[in-house]
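Listed here are the chains, written in short residue letters.
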Amino acid sequence: MQAAKIAERILIAIPVVIGIGIIIFLIMRLTPGDPVDIMMGQAGHVSAREIELLTEQWHLNEPLHIQLGYFLRDLARGDLGTSFTKGRPVWDLIKGALPATLELALGAAIFALLLAIPIGVISAVKQNSFIDRASMTVAFFGICMPVFYLGIILMLVFSVKMGVLPTYGRISYEVMLHKVTGFYMLDSIITGNWAALGSTLKHLILPSITLGFPMAAIVARVMRSSMLEVLRNDYVVMARAKGLREFSVIVKHAMRNAMIPTVTVIGLEIGMLLGGNMIVETVFSWPGLGRLVVNSIFVRDYPLVQGVVMVYAFTFVAANLVVDILYTYINPKISI
Amino acid sequence: MKKRAWYFAVLALAVLMIGSLFAGCQPAEKEAEDYTIIVGLSQTIMTLDPANHRDRVTETVIRNIYDGLVTRKPDGTVVPEIAESWTNPDPLTWEFKIRSGIKFHNGSDLTVEDVKFTFDRVIQEGAMEGETSPRKGLMGPVTEVEIVGDDTIRFVLKKPWPILLAMLPHQQIVSKAYVEEVGSDIATKPMGCGPFKFVEGSIDERIVLERFDDYYGGSPEIPPVGPAPAKRVIFEFMPEVSTRIAALQGGDVHIIHNIPPDMVSTLEADPNVIVKTVEGTRMHMFEMNVTKPPFDDVRVRQAVNYAIDMDAIVKNVLSGYGTVVAGPLLPHGFARDPDLKPYGYDPAKAKKLLEEAGYADGFELVIDTTDELKDVVYAAASMLADVGIEATVRTWDWGVLKEQLLAGERMMCFGNWGNSTLDPSDLLVPKLRSNDRGNYSHYSNPELDALLDAAEVETDREVRKTLYYQAQAIIYEDAPWVFSYVGREIEACRSNVENWQPSTDSRINLHRVKLK
């Protein structure tokens, strides 16, 4: 039953993603700016014939509905088209960049959750204490701080001044990782290359903190308020009255219930992690989807932008589906 | 029991991860002959196929893997590379003699067949698996490439083209057999005859190259000749300038480029870093729409030239890293008239001209530009206020602005145009010939068009120079632009990098670079 419902949800995601693809298709084409002209740049020796040929090659001379027809036809064949500027299949480019983005999002999420949930719980239990005030001030700071600024500050401190962490990229070249899946942590474990694992982790630390900090701040605040709510409930009083240890009351009785609103926020935030990483990926020269799409928007690389945005949409939908499934585990009363 | 096993598994993994952090810490032993040079580039690249892009940074990487018939010295002079010598028997024919003993990275010999194939792939329509190279226009009127004997290749032109040599460094020679074998995969697995061979990497992550030990040595005119001293070079893509600078200061990369002038002082304060600059080839100018008032009056255009203190802008906004230009041509380019002097800052004269043109009270103006150039425009706008012109600045996404410029809907824009050949042809023709591709001022003057067209096909260097002198005089007087400046290219390296100089065309050639 559960499986059927999950399958249904996945199927619903398909029209959503295609719909978003069509919207992006239209937005990109309605935005002024000629991809051929931008590619040729601000320099001489561009012949009219050359412009004409490229325009034809990319079907830009055809009316909009015909172009949309080509797009949908290719999509039906599972083909996202060929990038204008890079001359390679969009899917190949996405396949290269997606693991980097997911690995970073995972790193950021782990950092955020490991930090935020204990802080949220402790702040609630010790409400109005020094720890509570201090951590909520830091959390407020985290929500306000622009990520590019945080990233550059961290880089200056830990890379330039202290020299302990690298400034850019996913892995040092020297460790010679043999790439299997594109997820470098996984690849290093599969191939038993521990130096590569170390290098990957070291490269992951600063970008993960930068990307995860705003999420940690929000999750900590939500966790704190929902814990406060739950701690006032009768069943918590009951649990204490039964003589259970305080730790057990908080972790097993209160925290589990307080997790439900928190998980909702986490699901949304994971979607945001994928969006927010355009900046973090640029700052840390992280070869992911964000960096790929930012530049392709400026140069009006229509197929590449469409493809990447569709992948974003899909991951967003998938993250929310995972959250919904998690609900049912945390609280069996909820069904998908 | 099961739970406990899980705990142990997680614990073991954590220990492993922390341990591996330190495993990665041991610095790799670097022997004198075995060093790696890492370059931080300001953008990702488009492809590794020499015939399928129009991008300078992409060409920078490709140029370390591939060589061309000719190349440029850092000062822009064209010198032989794969070609040993050349002749120009008549205006429509060029012949190049190919150096012997050149090998591709896969060990095969470079022949005239490869050279012909390379150029056919660029100039013929549909020659790249049905598609046409976006570099076709860079070969101008070259219509055919013929093999003349074992070591000579002939270019046949539709009309004379005096700048063929200046344009040729933009083409790199590929192996016919290899391209026929791998097809479009040449974009990801390049194979040339340059100083470094491709090892691994992708256009979005990093490119790793290794010394090609059988390299023929490169151009004899740029010593030292021979295989590269560096064992390995890596191109990293770092779009954010703060990251490039942090990576250089942190010692993670050896060379970076595209440094904005306001960051130079930070780098100069670092004893481990050396900043190097070279005269650039991007001409910066304010273009005025001459078809609409008030800029349809030449006096107003001249007034604006007098009203903006370009020396102050270069000194203060660009920290001195630029050269004010006198007229439309690069100060170090071909055919610049040395007798022309910059308009100079003269607000009184500007006011007088405005008064004569009927704008004694000034007028309102929007100056359009893109984000990275806005500081210059703000400075100019404040100077225009002194002569009564109330200017506001608007920054745009380039693609959006360009369409409006071409439609003639804007009044004035500030931008730049690349002129890497140092020849007036690829600056004046697209920018100022009637209705040409980059003519945002909509300037149209039959007399100038005739001069530019004549210079395009004139092969006598002195006559050509005279034609451009005349063209410059007209442009200078008619002032469709506020003649601005050429910025210096600012690059920097670690202090242990030897034998590296930034090039005027902003290429980074690592063939001769060493580490101390």
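So, how was this worked out
Residues numbered from 1 in each chain as written. Chains lettered and ligands numbered in written order. Predicted model: local features only at pLDDT ≥ 70, side-chain atom pairs only at ≥ 80, totals over all residues. Heavy atoms only, no water. Helix = DSSP H or I, 4+ residues; strand = E, 2+ residues; numbered from the N terminus. Buried < 20%, exposed > 50% of the residue type's maximum accessible area, 1.4 Å probe, protein only. Contact = heavy atoms within 4.5 Å. Areas by Shrake-Rupley, 256 points an atom, 1.4 Å probe, with all protein chains shown as cover. Lys, Arg positive; Asp, Glu negative; His and termini not counted. Charge placed at Lys NZ, Arg CZ, Asp CG, Glu CD. Rg over C-alpha atoms; globule rule 2.2 N^0.38 Å. Domains from an automatic or database assignment. Buried area = accessible area lost by both parts, 1.4 Å probe. Salt bridge = Lys/Arg side-chain N within 4 Å of Asp/Glu carboxyl O. Polar contact = N/O pair within 3.5 Å; in protein donor to acceptor, adjacent residues only side chain to side chain. Nonpolar A, V, L, I, M, F, W, Y, C, P; charged D, E, K, R; others polar. Pairing = 2+ DSSP bridges. Right-handed = clockwise from strand over helix to strand, strands pointing away. Axes fitted to C-alpha atoms, helices over the stretch in contact; angles between N-to-C directions. Phe/Tyr/Trp six-rings, centres within 6.5 Å; stacked < 30°, edge-to-face > 60°.

(A) Layout of the overall build of chain A. Each helix and strand in chain A was counted, giving 13 helices and zero strands. With the C-alpha coordinates aligned to their principal axes, the bounding extent of chain A is approximately 85 × 55 × 40 Å. Taking all 336 residues of chain A together, 52% fall into the buried category. Taking all contacts inside chain A whose residues are at least 6 apart in sequence as the whole, residues at least 24 apart take part in 72%. For chain A, the computed accessible surface area is about 15,400 Å², with 70% contributed by carbon and sulfur atoms. Between the averaged position of the 26 positive side-chain charges in chain A and that of its 21 negative side-chain charges there is a distance of 13 Å.

(B) Here's a closer look at the overall build of chain B. Along chain B, the regular secondary structure elements total 15 helices and 19 strands. Radius of gyration (C-alpha) of chain B: 26 Å, near the 24 Å computed for a compact globule of 516 residues. Here the C-alpha coordinates of chain B stretch approximately 90 × 70 × 45 Å along the principal axes. Here chain B displays about 20,300 Å² of accessible surface, and carbon together with sulfur accounts for 50% of that area. If you average the places of the 54 positive and of the 78 negative side-chain charges in chain B, the two averages end up 4 Å apart.

(C) A look at the domain arrangement of chain A. Residues and elements named next belong to chain A. Parsing chain A into structural domains produces domain 1 (13-76) and domain 2 (97-330). Facing 17 residues of domain 1, the contacting portion of domain 2 comprises twelve residues. Roughly 1,400 Å² is buried in total at the junction of domain 1 and domain 2, and carbon and sulfur atoms are behind 79% of that figure. In terms of surface lost to domain 2, no three residues of domain 1 exceed Val 17, Ile 24 and Met 28, which account for 38% of the buried area on that side. On the surface where domain 1 and domain 2 come into contact, there are zero salt bridges. Summed over the shared surface of domain 1 and domain 2, the result is two residue pairs in polar contact (both at pLDDT 80 or more). For the side of domain 1 that touches domain 2, the secondary structure elements donating two or more residues are α1 (2-30), α2 (35-40) and α4 (64-76). A per-element tally of the side of domain 1 that touches domain 2 places α1 first, with nine residues. Of the residues in the side of domain 1 that touches domain 2, the class split is 13 nonpolar, three polar and one charged.

(D) The pairing of strand β15 (residues 390-396) of chain B, seen in detail. All names here are of chain B. Of the pairings in the sheet, the one linking strand β14 (residues 364-370) to β15 comprises seven bridges and is parallel in character. Note that in β15 the partner of Thr 369 across the bridge is Thr 395. For the segment spanning β14, helix α11 (residues 374-385) and β15, crossover handedness is right-handed.

(E) Main features of the interface of chain A and chain B. At the interface, 58 residues of chain A touch 70 residues of chain B. Together chain A and chain B conceal approximately 5,100 Å² of surface at their shared face, both sides included; 56% is due to carbon and sulfur atoms. Of all residues in chain A, Gln 42, His 45 and Tyr 173 of chain A bury the most surface against chain B, accounting for 18% of the area lost on that side. Between the two partners, chain A and chain B, sit seven salt bridges. A salt bridge links Glu 125 of chain B to Arg 49 of chain A, with the nearest nitrogen and oxygen atoms 2.6 Å apart. Run the count over chain A and chain B and you get 23 residue pairs in polar contact (both at pLDDT 80 or more). Mapped by element, the contributors of at least two residues to the side of chain A that touches chain B are α2, α3 (48-57), α7 (147-161), α8 (184-190), α9 (194-231), α11 (246-283) and α12 (289-298) of chain A.

(F) Region of interest: the sheet that holds strand β6 (residues 142-147) of chain B. All names here are of chain B. Reading across the sheet, the four strands line up as β4-β5-β7-β6 and stay open at both edges, with antiparallel pairing between neighbours. Two strands bound the open sheet, and with one partner strand each, they are β4 (83-90) and β6. Recorded for the sheet is a direction-independent mean angle of 20 degrees between the axes of neighbouring strands. Of the pairings in the sheet, the one linking β6 to strand β7 (residues 152-157) comprises five bridges and is antiparallel in character. Pairing of Ile 147 across the sheet is with Ile 153, part of β7. Sitting on the sheet, helix α3 (residues 112-123) is in contact with β5 (93-98), β6 and β7, with an inclination near 165 degrees to β6.

(G) Examining the domain arrangement of chain B more closely. Residue and element names in this part refer to chain B. Looking at chain B, the domain boundaries give domain 1 (38-254 + 496-515) and domain 2 (279-487). Placing the centre of domain 1 and that of domain 2 at their C-alpha centroids yields a distance of 33 Å. Opposite the 15 residues of domain 1 that make contact, domain 2 presents 17 residues. Between domain 1 and domain 2 the total buried area reaches about 1,100 Å² when both faces are included, carbon and sulfur atoms providing 59% of it. The tally of links from domain 1 across to domain 2 stands at zero salt bridges. Linking domain 1 to domain 2 there are four residue pairs in polar contact (both at pLDDT 80 or more). Across the side of domain 1 that touches domain 2, the residue classes tally to seven nonpolar, three polar and five charged.

(H) Seen up close, the pairing of β4 of chain B. Residue and element names in this part refer to chain B. Relative to β5, β4 runs antiparallel, the two being bridged by five bridges. Bridging across to β5, Ala 83 finds its partner in Ile 98. Hairpin connection of β4 to β5: two residues between the antiparallel strands.

(I) View of the packing of aromatic side chains. Residue and element names in this part refer to chain B. Tallying each qualifying case throughout the model produces 18 aromatic pairs over all chains. With a centroid separation of 4.8 Å and 55 degrees between ring planes, the pair formed by Tyr 215 and Tyr 216 is classed as tilted. Judged by its relative accessible area of 6%, Tyr 215 falls in the buried class. With 6.2 Å between their ring centres and 40 degrees between their planes, Phe 414 and Tyr 485 make a pair best called tilted. A residue pair is termed long-range when its members are at least 10 positions apart, and Phe 414 in strand β16 (residues 412-418) and Tyr 485 in strand β17 (residues 481-494) qualify at 71 residues.

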